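Coordinate analysis (summary)
These are the residues of each chain, in order.
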Amino acid sequence: MDDFLLPENEGDLQDQIEEVEALASIYGDEWCVIDEASRIFCIKISDDLEEPKLTACLQIILPPDYPSAAPPIYQINAVWLRGPERSALASGLEDLYAQHAGESLLYLWVETIRQFLVEKSRSSETGEARAAKPQEVDDDDDDDEDAPDFRALKLNTEHFHLFTDRANDEEAPPIKHGNAITDRRSTFQPHLAPVVTPRQVKLVLGKLYENKKIASATHNIYAYRIYREDQNSFLQDCEDDGETAAGGRLLHLLQILDVRNVAVVVSRWYGGVLLGPDRFKHINNCARNILVEEGYAASPSKDMLQVN
């Protein structure tokens, strides 16, 4: 894929310049320029409450013929947004484009996403209030001390409470940031934290997403392994975050290295050039590097762990 060129249609170029300037003025620090030459931008969107609970990052690439003949290319980054809700939100954005084809519509998209967050936040507050009533909790449910019980809230998204759980004041474990790998303008950076419960994994992810640059990544792939000594077994899980099969490959790396009580997150910022299988090699290599640097794995005598 060639680098993005400036629009041949001067009208499109002027429209893009004016729209970007307007968005930067309206949203201030929430608006971020990732790569101006390639027309890559992102905006952090919250539910706009006094104490924001839900946050999403909208990453946008403006094609040369936007807005006259093509929609923006976009990615919504939010760990808690999965399944039917992600599909419904995407359908809503696509409907808006159909209704406003040929027009500048990023402001409409941003505010549509913000309204989605507001409504979901209000819905969650209602669910939390109901769950707080003792008579509405099923006393027969077994509590898992390693993971909060969200069944009473009837939530459909696995990671919803990454940004909404304020009940526990536990601080996130210390997070280490590894060296980045860049290939054809895509950048990969690993992050690592010691963890002994799934709750700590969520705290780590929440802390990372407070960083504007990390929140703007196209993908934040993660995996963790926690050893339960009393049961001689492992708690482990992974997440692709839109990079299909990457989470499973990362978890497989942790299993090969037999690491314990650690979570690894790899952020990828897409640079406009498809990397093919090389992206998996970079994800696993930078993850392995930080595991070695932090003493969780020995440096291999030969490069057996690359993913080709």
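Residues numbered from 1 in each chain as written. Predicted model: local features only at pLDDT ≥ 70, side-chain atom pairs only at ≥ 80, totals over all residues. Heavy atoms only, no water.

- Labelled according to an unreviewed UniProt entry, the protein chain appears under the name Impact RWD domain protein, originating from Cyclopterus lumpus.
- The record held by UniProt for the protein chain lists under Sequence similarities (unreviewed entry) the comment "Belongs to the IMPACT family."
- Recorded in UniProt for the protein chain, the comment headed Subcellular location (unreviewed entry) runs: "Cytoplasm". (UniProt positions renumbered as here; feature names shortened; annotations may be inferred.)

1. Observations concerning the pattern of salt bridges
- Taken as a whole and judged by the stated rule, the model has eleven salt bridges.
- Taking the shortest distance from any N to any O, the salt bridge between glutamate 210 and lysine 207 comes out at 3.5 Å.
- Residue lysine 207 is classed as partly exposed on the basis of its relative accessible area of 45%.
- Residue lysine 281 is joined to aspartate 278 by a salt bridge in which the shortest nitrogen-to-oxygen separation is 4.0 Å. Separated by three residues within a single helix, lysine 281 and aspartate 278 lie in helix α7 (residues 278-293), roughly one turn from each other.
- Given the relative accessible area of 27%, aspartate 278 is considered partly exposed. (Salt bridge = Lys/Arg side-chain N within 4 Å of Asp/Glu carboxyl O. Buried < 20%, exposed > 50% of the residue type's maximum accessible area, 1.4 Å probe, protein only. Helix = DSSP H or I, 4+ residues; strand = E, 2+ residues; numbered from the N terminus.)

2. Brief notes about unusual backbone geometry
- A cis amide bond links tyrosine 66 to the next residue, proline 67, at an omega of 10 degrees.
- Mapped onto the fold, proline 67 is located in the loop between β3 (55-61) and β4 (73-77).
- Positive phi values are uncommon outside glycine, yet asparagine 232 reaches one of about 50 degrees.
- For aspartate 241, which is not a glycine, the phi torsion comes out positive at approximately 50 degrees.
- Relative to the elements of secondary structure, aspartate 241 occurs in the loop between β9 (233-239) and α6 (246-257).

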